[in-house]
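So you can see what is in the structure, the chains are spelled out below.
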Amino acid sequence: MNFRAIKSKFLSAFRHIFVYHHKSLEFRCKLFAAMIVANKNNDCAYEILYDLAKEIYKDDIRVEILLNTTKEYVNKILIHKAFTLDQLLIEIDRELKLNKRFKKKIEIDKLEKFLCDNDEKNYLTQKRILEFLESEAKIKDQI
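Residues numbered from 1 in each chain as written. Predicted model: local features only at pLDDT ≥ 70, side-chain atom pairs only at ≥ 80, totals over all residues. Heavy atoms only, no water.

Trainee: Would you explain the overall build of the protein chain in this entry?
Mentor: In terms of regular secondary structure, the protein chain is built from 8 helices and 0 strands. Listing each helix as α and each strand as β along the protein chain from the N terminus yields α-α-α-α-α-α-α-α. Taking all 143 residues of the protein chain together, 45% fall into the buried category. Counting contacts in the protein chain only where the partners sit at least 6 residues apart, residues at least 24 apart contribute 74% of the total. Accessible surface, the protein chain: about 8,200 Å² in total, of which carbon and sulfur atoms supply 53%. (Helix = DSSP H or I, 4+ residues; strand = E, 2+ residues; numbered from the N terminus. Buried < 20%, exposed > 50% of the residue type's maximum accessible area, 1.4 Å probe, protein only. Contact = heavy atoms within 4.5 Å. Areas by Shrake-Rupley, 256 points an atom, 1.4 Å probe, with all protein chains shown as cover.)

Trainee: I keep staring at the nonpolar core and nothing clicks. Help me out?
Mentor: Across soluble globular proteins, nonpolar side chains have a tendency to be buried as a group. If you look at the biggest cluster of nonpolar residues, it comprises 41 residues, and the most contacted ones within it are Ile92, Ile106 and Phe114. Secondary structure elements with two or more residues in this core: α3 (22-38), α4 (42-57), α5 (62-78), α6 (85-98), α7 (108-111) and α8 (120-142). In terms of residue count, the dominant contributor to this core is α3 (11 residues). In this structure Phe114 touches Phe32, Met35, Ile36, Asn39, Ala45, Ile48, Leu49, Leu52 and Gln126, once residues within four positions along its chain are discounted. (Core = buried A, V, L, I, M, F, W, Y, C linked by side-chain atoms within 4.5 Å.)

Following this line, the structure appears as structure tokens:
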């Protein structure tokens, strides 16, 4: 493991202390995690996640932090069963109520890139998540 990988793991673990705007980054991770959990084909999802992270943060260390944190949320749901997709969506909704500026992080065009699974059930789940997020962003605009 090289120094950058060690540094990103450390910063991911202690992001609430060392990372600038860590709440914003975590919110974005939750959005991505919701789309990945709804998609059972994680191979294409993680490629998309990496591309989006590079697009958002360029070559900043936050790329690796976003990747690690998103995988952490996905693992909490899929592997550890400590969390459910519904709980994650409720948490996203709660954070939107607390931080109105987070609605800008809901970029439907970026989230739509996760629609890469051919399974109809997964596709419908992801579309419903997108519709939920889109409606939440619109509601927060009106408040």
